[in-house]
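This is what each chain is made of:
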Amino acid sequence: FFKKENDVFTFTDNDDVFDSFVEVSDDLPTHMMLYPPLYIRTDGQRRMQIILLKEHAREVAKDFNNRFQAALLEKENTLGLIEGINERIQEILVELNCNDEIFSPSLHDTEIPDSILHVKETE
């Protein structure tokens, strides 16, 4: 487990995981607390490594979801901006009596998070 001394976390060889548990601050990322694979010798260290790996997996998934949502929001904002520009272009084309078709971008089905959960008739 980890022991905190002078704001530095160190590994302890105590096999009793729950008695020696020290609450770790949120400042220290979980991947920094993982044991090197060859240093795991006791059952307590194995259990702690499993807990830390699960927490690290949650952090990675949460970080991915946050980045995905940010990218999706940015793309939706850009698409809205393009739609506004396309409307103005369409007005100009009407004034010029021109029937050119304007490309209108949209999100692909794989870019919409909930679309994976819905089955379409074409599938």
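In what follows, the accompanying structure is described.

## Focus on the overall build of the protein
Assigned secondary structure in the protein consists of one helix and two strands. Counting from the amino terminus, the protein carries its helices and strands in the arrangement β-β-α. Within the protein, contacts between residues at least 6 apart in sequence are counted, and of these 41% link residues at least 24 apart. Carbon and sulfur atoms provide 55% of the accessible area of the protein, an area that totals close to 10,200 Å².

## Structural notes on helix α1 (residues 43–95)
With 53 residues, α1 should cover 78 Å at 1.5 Å per step; its first-to-last C-alpha distance of 78 Å lies within 8% of that length. Within α1, burial applies to Gly-44, Gln-45, Met-48, Gln-49, Leu-52, Leu-72, Leu-79, Asn-86 and Leu-93.

## A few points about a nonpolar patch on the surface
Among the surface-exposed residues, Leu-81, Ile-85 and Ile-89 lie close enough to one another that they form a single nonpolar patch of about 270 Å² accessible area. Relative to the helices and strands, Ile-89 resides in helix α1. By relative accessible area, Ile-89 is classed as partly exposed at 35%.

## Observations regarding the environment of Leu-53
On the secondary structure map, Leu-53 appears in helix α1. Measuring from C-alpha to C-alpha, the distance between Leu-53 and Leu-34 comes to 7.5 Å, with 19 residues separating the pair along the chain.

## Structural notes on unusual backbone geometry
A positive phi is found at Asn-97, a non-glycine position, where the angle reads about 55 degrees. Mapped onto the elements, Asn-97 comes out in the segment after α1. Judged by relative accessible area, which is 70%, Asn-97 ranks as exposed.

## Comments concerning the side chain of Gln-49
Inspection of the secondary structure assignment puts Gln-49 in helix α1. Among the residues examined, Gln-49 registers a relative accessible area of 9% and is labelled buried. From its side chain, Gln-49 meets the backbone nitrogen of Tyr-35 in a polar contact 2.9 Å long. Discounting chain neighbours no more than four positions away, the residues touching Gln-49 are Leu-34, Tyr-35 and Ile-40.

## Some thoughts on the packing of aromatic side chains
Evaluated as defined, the whole model comprises one aromatic pair. Here Phe-64 and Phe-68 contribute two aromatic rings whose centre-to-centre distance is 6.2 Å and whose plane-to-plane angle is 25 degrees, an arrangement assigned as stacked. Residue Phe-64 and its partner Phe-68 are both found in helix α1; the two are separated by four residues, about one turn of the helix. Residue classification places Phe-68 among the partly exposed residues on the basis of a relative accessible area of 30%.

## What to know about the pattern of salt bridges
Counting across every chain of the model gives four salt bridges. Notably, a salt bridge pairs Asp-43 with Arg-46, separated by 3.0 Å at the nearest N-O pair. Taken together, the positions of Asp-43 and Arg-46, both in helix α1 and three residues apart, correspond to about one turn of that helix. Glu-55 is the partner of Arg-58 in a salt bridge, and the nearest nitrogen-oxygen pair spans 2.7 Å. Here the residue Arg-58 and the residue Glu-55 both occupy positions in helix α1, the gap between them amounting to three residues, near one helical turn.

Rules of the game
Residues numbered from 1 in each chain as written. Predicted model: local features only at pLDDT ≥ 70, side-chain atom pairs only at ≥ 80, totals over all residues. Heavy atoms only, no water. Helix = DSSP H or I, 4+ residues; strand = E, 2+ residues; numbered from the N terminus. Contact = heavy atoms within 4.5 Å. Areas by Shrake-Rupley, 256 points an atom, 1.4 Å probe, with all protein chains shown as cover. Expected span 1.5 Å × (residues − 1). Buried < 20%, exposed > 50% of the residue type's maximum accessible area, 1.4 Å probe, protein only. Patch = residues over 30% accessible without salt bridge, like charges linked within 9 Å, V, L, I, M, F, W, Y side chains within 5 Å. Salt bridge = Lys/Arg side-chain N within 4 Å of Asp/Glu carboxyl O. Polar contact = N/O pair within 3.5 Å; in protein donor to acceptor, adjacent residues only side chain to side chain. Phe/Tyr/Trp six-rings, centres within 6.5 Å; stacked < 30°, edge-to-face > 60°.

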